[in-house]
Amino acid sequence: MSSTTEFALLRATAGVERLDVERAVHPGDQQRERTYLVHRAALADRAVPALAEVEDPATSEQDAEDTARRLLQHDRAHGTGRGPVPAADARWDTDPRGYARQEHAAAVRDEHGQEHARD
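Report follows, based on the coordinates. Because the structure is a prediction, the values reported are computed rather than measured.

Turning our eyes to something else, we now look at helix H1 (residues 3-25). Along its 23 residues, H1 runs 33 Å from first to last C-alpha, staying within 8% of the 33 Å computed at 1.5 Å per residue. Along H1, the residues classified as buried are Leu9, Ala12, Gly15, Val16 and Leu19. Structurally, H1 contributes buried residues whose contacts are with helix H2 (30-51).

So, in C-alpha cells, the structure goes:
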C-alpha cells in the first residue's frame, strides 16, 4: 500500500471520528447521523484492502457490509438517500456496499458544490 493511500485512510478516519463526536454532541440530529453513516460506510469499504494486511479479511469485509447496511436501513427508514437509485430499490438488498458507494459519491459531489458556492 502506498503512503498516499495510507494518508488518505488516516485522514478519512480522523474525519469519521470528528463526525462521531459531533453526532454525540447533537443526539437525534438525523442529518448528522446520516453524514456520519455515509462517511463511516465509505471508510470501511475503502479500508478493506489495507486491513487485509493486518487482520483476517473476513473481519474487514463484515465491517464494511454491516456499516453499509446501517446506512441503507437509515435511508429506507427516513427517505434520505441522495443517489440516483433510491434506497428502496431491491438491488441494494444484495449489494449494500454498492449503495454506500453511490451515496458517498453523491455526498462528495454535494460537499464539493457547497465549497464552490462559497468561493
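Let's pick the thread back up.
Looking now at the packing of aromatic side chains. Geometry of an aromatic ring pair is reported as the spacing of the ring centres plus the angle between the planes. For the structure on display, the rule yields one aromatic pair. For the pair tryptophan 92 and tyrosine 99, a centre-to-centre distance of 5.4 Å together with 65° between the ring planes defines the contact as edge-to-face. The buried category is assigned to tryptophan 92, whose relative accessible area is 7%. Taking NZ or CZ as reference, arginine 23 lies 3.9 Å from the ring centre of tyrosine 36, over its face.

By the secondary structure assignment, proline 49 is in helix H2. Judged by relative accessible area, which is 56%, proline 49 ranks as exposed. Considered as a pair, proline 49 and glutamate 61 are 12 residues apart in the sequence and their alpha carbons are 9.2 Å apart.

Cut-offs and rules
- Residues numbered from 1 in each chain as written.
- Predicted model: local features only at pLDDT ≥ 70, side-chain atom pairs only at ≥ 80, totals over all residues.
- Heavy atoms only, no water.
- Helix = DSSP H or I, 4+ residues; strand = E, 2+ residues; numbered from the N terminus.
- Expected span 1.5 Å × (residues − 1).
- Buried < 20%, exposed > 50% of the residue type's maximum accessible area, 1.4 Å probe, protein only.
- Contact = heavy atoms within 4.5 Å.
- Phe/Tyr/Trp six-rings, centres within 6.5 Å; stacked < 30°, edge-to-face > 60°.
- Lys NZ or Arg CZ within 6 Å of the ring centre and 35° of its normal.

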